[in-house]
Amino acid sequence: MLPGSWMEKRVTFKGWLLPLLLIAPQVVISAIFFFYPAGQAVWQSLFIPDPFGLSARFVGLGNFEFLLSDKFYRASFVTTAVFSILVTLCSMIPALFLAVIADRLIKGSGVYRTLLIWPYAVAPAVAGVLWLFMFNTRVGVVSWYLGQLGYDWNHVLNGGEAMGLVVVASAWGRISYNFLFFFAALQAVPRSVIEAAAIDGAHFWRRFFTIVLPLLSPTTFFLLVVNIVYAFFETFGVIHTITAGGPQQSTTILVYKVFSDGFVGQDLGSSSAQSVILLVVVGLLTVIQFKFIEKRVHY
Amino acid sequence: MKKLLIGALAASATFLTPLAATAQTEVQFWHAFTGRLGELVKAQVDDFNASQDEYTVVQSHKGNYSETLNAGIAAFRAGEQPHILMVFEVGTATMMAAEGAIKPVYEVMAESGAQFDPDAYIGAVKGYYTTTDGEMLSLPFNSSTPVLWVNRNAFEAAGVDPDTDLSTWQKVGETLDALKAGGEDCPLVTAWQSWIHLENLSAYHDVPFASKDNGFAGLDTELMLNGDVQVAHLTAMGDWAKDGKFIYTGRRNEGGANFRAGECALFTESSAGYAGIKAEAEFDFDVRPLPYWEGAGNAPQNTIIGGASLWVMEGHEAEDYKGVGEFLSYLSSSEVQAAWHQNTGYLPITVAAGEATRASGFYDENPGTDVAVKQMTANEPTANSKGLRLGSFDQIRGIIDEELEAIWSGDKSAQEAMDSAKERGDALLRRFESANR
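Just so we're clear, the structure is a prediction, and the values are computed from it rather than from any experiment.

Asks: What is the right way to look at the packing of aromatic side chains in this model?
Replies: Aromatic rings considered in pairs are described by the distance between their centres and by the relative angle of their planes. What the rule picks out here adds up to 45 aromatic pairs over all chains. Among the aromatic residues, ring-to-ring pairing joins F29, F33, F48, Y65, F88, F141, F327, Y330, W340 and Y346 of chain B into one connected group. Residue placement shows R104 of chain A over the ring face of F204 of chain A; its charged tip is 4.1 Å from the ring centre. One Lys or Arg, R389 of chain B, reaches over the ring of F216 of chain B and ends 3.8 Å from the middle of that ring.

Asks: I'm lost on the domain arrangement of chain B in this one. Help?
Replies: You'll often see interface size given as the accessible area lost when the parts meet. Residue and element names in this part refer to chain B. Domain boundaries assigned for chain B yield domain 1 (22–143 + 305–365) and domain 2 (146–303 + 391–435). The distance between the C-alpha centroids of domain 1 and domain 2 comes to 28 Å. Along the contact surface separating domain 1 from domain 2 lie one salt bridge. Note that R397 and E89 form a salt bridge whose closest N and O atoms lie 2.9 Å from each other. Viewed at the interface, domain 2 and domain 1 are joined by four residue pairs in polar contact (both at pLDDT 80 or more). The set of elements that each furnish at least two residues to the side of domain 1 that touches domain 2 consists of α4 (92–97) and α15 (334–344).

Asks: Just checking my understanding: could you explain the nonpolar core for this structure?
Replies: Nonpolar side chains tend toward joint burial in soluble globular proteins. Formed by 128 residues in total, the largest nonpolar core has its most connected members in F209, L328 and W408 of chain B. Built from parts of two domains, this core gets at least three residues from each of domain 1 (22–143 + 305–365) and domain 2 (146–303 + 391–435) of chain B. V87, W131, W153 and V282 of chain A belong to the second largest nonpolar core, which has 32 residues in total.

Asks: What is the right way to read helix α7 (residues 159–187) of chain A from this model?
Replies: Along an α-helix, residues three or four positions apart point the same way, because every turn accommodates 3.6 residues. Across its 29 residues, α7 of chain A extends 41 Å between first and last C-alpha, which sits within 8% of the 42 Å expected from 1.5 Å per residue. Taking the largest bend as the criterion, α7 of chain A deviates by roughly 35°, centred on R174 of chain A.

Asks: I tried to follow the state of the cysteines on my own but got confused; where do I start?
Replies: Any covalent bond linking the sulfur atoms of two cysteines counts as a disulfide. All names here are of chain B. Tallied over the entire structure, the rule returns one disulfide over all chains. Between C186 and C264 runs a disulfide, and the two sulfur atoms are separated by 2.0 Å. In this structure the cystine formed by C186 and C264 twists about its S-S bond by roughly 85°; its chirality is therefore right-handed. Separated by 78 residues along the polypeptide, C186 in the loop between α8 (169–181) and β7 (188–190) and C264 in the loop between α12 (255–260) and β9 (266–270) bring together distant segments of the chain. By relative accessible area, C186 is classed as buried at 7%. Residue classification places C264 among the buried residues on the basis of a relative accessible area of 0%.

Calculation notes
- Residues numbered from 1 in each chain as written.
- Chains lettered and ligands numbered in written order.
- Predicted model: local features only at pLDDT ≥ 70, side-chain atom pairs only at ≥ 80, totals over all residues.
- Heavy atoms only, no water.
- Phe/Tyr/Trp six-rings, centres within 6.5 Å; stacked < 30°, edge-to-face > 60°.
- Lys NZ or Arg CZ within 6 Å of the ring centre and 35° of its normal.
- Domains from an automatic or database assignment.
- Salt bridge = Lys/Arg side-chain N within 4 Å of Asp/Glu carboxyl O.
- Polar contact = N/O pair within 3.5 Å; in protein donor to acceptor, adjacent residues only side chain to side chain.
- Helix = DSSP H or I, 4+ residues; strand = E, 2+ residues; numbered from the N terminus.
- Core = buried A, V, L, I, M, F, W, Y, C linked by side-chain atoms within 4.5 Å.
- Buried < 20%, exposed > 50% of the residue type's maximum accessible area, 1.4 Å probe, protein only.
- Expected span 1.5 Å × (residues − 1).
- Bend = angle between axes of the 7 residues up to and from the residue.
- Disulfide = S-S within 2.5 Å.

Shown next, in the form of C-alpha cells:
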C-alpha cells in the first residue's frame, strides 16, 4: 500500500451547506428527543408545580435540597450502585462463558446460538412477570422446591432475596445480548495466534486468559458501558412488576424513584430534579469509563 | 326503479347516521374497572344510553386506580380531559386541591337541574367527599368497608367452633392460638394492610390518624398514626406474624387468593371481596364485623370507606354538563344502586338503596351481606371517623406499607416503624402543602 493512500480516506467538503444538510437529521432528532426534554426537566426542577399544571411555585434549588436531605434518596444511590454492578456482572460473565463454549462447538452451534438468543426477545416487564411467577411465595415452582429443601423463600419481606430476584430477572434477558457480541468477537480472534500458543503447550484456560480475553477487551468495554446504562434505565419494567421498589425500598433504584415520585406521588418538581441528577450521574459515569477504563483496552 | 330506491335508501342512511349521532351530546367517562366490575359498569352505561336519546355516555377503561388518575391528569394538561373521571379515595385530596380542574358535583347538579338530593346519601359515604360545609364535591361510586371473613371449614378442621365470638381482637387472638394449635398453617391473612389495620383501625377506635380532623380542616396536617392504639394493635399483629399466626402475602389483595383457595381461616378484606369469594370459595364462609380492641379508644365507632368516586372535570360545554348531571342522577337512583350493591358487595350509597335491598329479601338469602352497612352506619361519624383527606396519600400508603413490612419481618418494633412512617409521611405532606398553597 502506498504511504499516501490512507491519508486521503477522510472526505473533505467544499463549503458548509452540504455537510450541514447531512448532519441535520441527527441534529434535529437529538434536539427534539433529547435536548428539548432534558431542558424541560432542568427548567421544571426549579419549581413545585401542582399535578394539573394550574400553578407552579418557583423554589430555586429547593427540590434538590429536599432530595439530598432525604436519607432514603441517598440510600437509593447505594441501591442503584449495587444493583447495576450485580446486573452487569450477572449478565456478562455467564454470557462470556456460554460464548466460549459455543465457540468450541463444531456441530449444532447454530441451534445452540438461536436458543440462547431467544430470551432477548422477551420484554423486561414480561420477564419480570415470568420470574415473579416462578418465585411467587404462594404458587411459585422454585419457591416450592426451596421450601422442600427447607428454605423459606419470601422476597416480599426479605430485601436481600428481593434484590437477588430483580437482579436475576434483569440479567437473564441481557445474557443473550451479551452472548451475541462475545460470540462475534470470539470468531474474530485469529486462529493462528491460538494455535501457536497451543503448540507452545498452553492449555485451554491459559490461552483464554492470556490471549483471548485481552483481544476481547474492546467488546467487553463496549458491553460494560451498555449494560450499566441498561441497569440504570431499562430495568424499570422488571422492578415495577416484581417488587415495586420494596420491601422497605430495598429495590428502589434511582429511575424507579423518578417514576414513583412523579407518577404515583404526582410530585413533578421532585421527579424532574431527580431526572436531572440521574442525567449528571450517568454522564459522569460514562466519562469515567471512557477516561480510565478505556485506556486499558487494546483495539 | 327498485335499484334506485335501494340506492337512495343507502345514501340517506349514510347521510343520516352521522347526523343522528352528532345530535346527541357525548359524555366521556373514564374508569378503572375490569373483569366482572367492568361488565357491570358497561351495563349501567348501556342502560342509561338506552333510557334516553339526548346524551351518549362513552365509557373507557384507563388501567388501575393510579393509572386512571394519571391518565386524567395528563389529559387535563393536554386539554383532552374526560367529563367524568373515576378517582380512588386516596386521590381525593389531590382532586379537591385542583380548583380550576374540577367542577364540584353540587354545582353540576344545580346547573343541570337533574334530580339530586344530598341528604339521600349515607352519611359515612358522603362525608368522605364533601367539604366541611357539607357540599358534595364528587359523587360516591363504589364504596366498601373492611370486614372479617371466616372459613368455617378451616375452623372445623382445626377443632375450633366456627361460631366462636370474634367481635374483639382479644378474642381473635385466643382463636388464632387455638387455630394454630389445631394445625392451621394460615390462621389470619389480610388485604390492604394500611387501609384496614391503620386507617380503619383509627376510625373504628375514634382516634386520629392525622391532625386537623384527619386533614379535613387544613393542608397543614400531620400524621398521628404512631399513637397508642395503633402501636398496640401493630405490636400484636407483629407478634402474630412472628408466631406464624398472621401470614403476610403482600400490599394489595394478594391474600384473597389464599383465602379463596381455602388455605386460610380468617381474612380481613373489603366487603367488596364478596363477589369473588362467593364465586370461588368451595367452603362455607361467614362475614363478621371487623374486630376491635375491647377497652381501647371509643370502639366500636364506625369504619371508613375505600373505593372511588366520580369527579366532573372543568372545561366543557354547559350542554355537556347537563348530560353529566342526568347520568350521575341515574347512577344514584335506588334501583341502580341496589343492583350494584347486591352484585358486588360494595355499599349502597343511598339510604333508599339499602332499604330496597332489605325489602327484596336479599340480606335474608345472603346472610352477612349487610354486616358492612351496619358497621358503617352504627354511629354518627366523628371528626376521627369521617374519613381521610391527605395529599400524596397514594405515596404515603406506600411508605406505611414499607414500615409495616419492617414490623412483620421483625426488623423494627411497631413504635419505631410508625415513628418513621410519620416522619417520612409528614415530609410528603409538607411538599403537598407547598405545591397547593
